[in-house]
Amino acid sequence: MNVHESEKVAGILENMGYECCPDDSSADIVVFNTCCIRDTAEKRALGNIGVIKSEKRKNPDMIIVVFGCMPVQPGVADMIKERYPYVDIVLGTRNLNILEDEIKKVIEKRATKRKNDKKYRCFNVEDPEEFIALSDGLAVTRTSYPNAWVNIIYGCNNFCSYCIVPYVRGREISRDMNVILDEVKKCVAEGYKEITLLGQNVNSYGNDLHIDGVNFASLLREIDKIEGKFRVRFMTSHPKDLSEEVVEVMASSKKICSNIHLPIQSGSSKVLRDMNRRYDRDHYYSLIAMLRSKMPNIGITTDIMVGFPTETEEDFEDTMDMVRKVRYSNAFTFIYSPRKGTPAAKMEQIPYDIKKRRIGELIKLQNTITKELSKEYLGGVYEVLVEDIAPKYENMVCGRTESGRLVTFDGTKEDIGKFVNVKITETRSASLFGHKI
Ligand code: SAM
Ligand code: SF4
């Protein structure tokens, strides 16, 4: 989501005639795209905004923009206003439509400023009523070829008790199905080979539109009908809303990948209840069974959090047990980070050393499973969509199987964006290595 929002910022700036430059010191405009999902992300953003001060001193004409979910938190825009007086523009996730005008205003006001005039600054983190109308159609500079990110639903209505997202990204708003289909068609016509549909919970797509027959399954069916060879992925799927209908569309489609990111967060039903996730471990496991019965080779990844305030050793063991049972191809693991304003932040917290030990054990277990699953690929031939040149190896490229596994093999940059059949000959933990055939 954040990467795609940066693509939108880049699109707006390039439309205005700006170009991406190699370092901060030569920049006329610096935009910080911030995230506040965890404390570390927020601290890093503030640290980077602090560091730019010295560049701004050398280049007083520089325009500094802070954008994203961090300033939408109560009090944060005011804090930036006070502590970072060199920041010119602060915008929330739903205010990108005014970026161009505000940049123009800063430039114009600077040019006409008289001695005692106050410096012009913009702070807008409001949630405009016409958000979709204002944001659809903004320019995008895509940076993830052969993949194109496409938003289908913005915001979140779920209020998981640990999560800041519903407070900073607003309520769910689905984009019009025809607008999404047009964007996908355009991307395919431009040569993108993979479309990743984005939403905090893609399964809620259409709920707010109240149009008969418009839901995530029907959107997937319509995308599947679009001509051309391309893959479709989506993230993220909330387990409480993953329907059999969606799984059936996935299973019957050649374009929708056998790959799903299904965040479990915890393997303990008690912790899941305290997290307000609205499913339990049995329901989650029944979804895994359904997915695998319809798509035996599906790649399943997840998000897991350790150290939620009410997580006991027993609860943590339940998480480890679930990881052993499900055997994820990969997992994003997080230490719970209290977020101001969320219910869980007010609960009694677990000491950091316990959280650290638990995440260490979890990562070790997941690495072992990933390694074991990698071996199952040995000797097999898989269609890989080439994404990039391999950063660490000469004359090698990397790409993904339909199940989402990363494969490194012989190739050149001309292969990027091509579907190539690759025989897997070696495995190293999360990476598979092979040869083009
Ligand atoms: N909407 C997605 C879902 O419900 O699966 C998740 C989006 S969230 C940006 C990505 C992940 O960040 C979550 O799945 C969760 O594991 C993690 N996360 C969210 N809040 C967190 C917190 N306060 N501390 C640690 N991790 C957190
Ligand atoms: Fe956060 Fe839960 Fe919404 Fe995901 S579904 S963004 S974890 S509140």
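Keep in mind that what you see is a predicted model, and the values were worked out from it rather than measured.

Surveying the vicinity of ligand 2 reveals the residues C156, N158, F159, C160, Y162, C163, V165, P166, Q200, H238 and R277. Class assignment of the residues belonging to the shell around ligand 2 gives a composition of seven nonpolar, three polar and one charged.

Quick look at the site of ligand 1 now. As a matter of local geometry, ligand 1 sits amid 15 residues, with Q200, P263, Q265, D303 and S337 nearest to it. Side-chain polar atom of Q265 to an oxygen atom of ligand 1: 2.7 Å apart, as the coordinates give it. Burial of ligand 1 by the protein chains amounts to 88% of its free accessible area of 570 Å². Taken together, the elements giving at least two residues each to the shell around ligand 1 come down to strand 11 (299–306) and strand 12 (330–335). Grouping the amino acids of the shell around ligand 1 by side-chain chemistry returns seven nonpolar, four polar and four charged.

Residues L197 and F216 are the most contacted members of the largest nonpolar core, which totals 69 residues. Looking at which element gives the most residues to this core, the answer is helix 7 (residues 177–189), with six residues. Beyond its immediate sequence surroundings of up to four residues, F216 is in contact with I152, L197, V202, N203, Y205, F234 and V246. Among the nonpolar cores identified, the runner-up in size contains 24 residues, and A27, F32, A45 and I164 belong to it.

This part is about the sheet that holds strand 17 (residues 431–436). As summarised here, the arrangement of the five strands in space is 13-14-15-17-16, forming a closed barrel in which the pairing is mixed. Pairs of neighbouring strands in the sheet enclose a mean axial angle of 55 degrees, with direction left out of account. Sheet analysis places strand 16 (residues 419–428) next to strand 17, joined by six bridges and oriented antiparallel. Bridge pairing in strand 17 places R428 opposite S431.

How each quantity is defined
Throughout this document, residue positions are counted from 1 along each chain, in the order its sequence is written. Lettering of chains starts at A and numbering of ligands starts at 1, both following the order in which they are written. Local features are withheld for residues below a pLDDT of 70 in this predicted model, meaning they are given only at 70 or higher, and side-chain atom pairs are given and counted only at 80 or more; totals for whole chains, interfaces and linings count all residues. Hydrogen atoms and water are omitted, and side-chain values are computed over all heavy atoms in the structure. Distances are taken per atom, and a residue is near a molecule or strand as soon as one of its heavy atoms is within 4 Å of it. Lys, Arg, Asp and Glu make up the charged group, whereas Ala, Val, Leu, Ile, Met, Phe, Trp, Tyr, Cys and Pro make up the nonpolar group; the residues left over, Gly among them, are polar. Polar contacts, as used here, are pairs of N or O atoms within 3.5 Å; protein pairs need one atom able to donate a hydrogen and one able to accept it. Residues neighboring in sequence count only if both atoms are side-chain atoms. Every accessible area reported is derived by Shrake-Rupley at a probe size of 1.4 Å, with residue values counting cover from the shown protein chains alone. Helical segments are the DSSP runs of H or I of at least four residues, strand segments are the runs of E of at least two, and each set is numbered from the N terminus. Think of a nonpolar core as a cluster: buried Ala, Val, Leu, Ile, Met, Phe, Trp, Tyr and Cys residues, connected wherever their side-chain atoms sit within 4.5 Å. Only protein chains enter the accessibility calculation, which uses a 1.4 Å probe; a residue is then buried when its area is under 20% of its type maximum, exposed when over 50%, and partly exposed in between. Contact between two residues is taken to exist if any of their heavy atoms lie within 4.5 Å; hydrogens are not considered. A pair of strands is labelled paired if DSSP reports no fewer than 2 bridges between them. Comment: axis = line fitted to C-alpha atoms, over the contacting stretch for helices; angle = value between 0 and 180 degrees taken between N-to-C directions.

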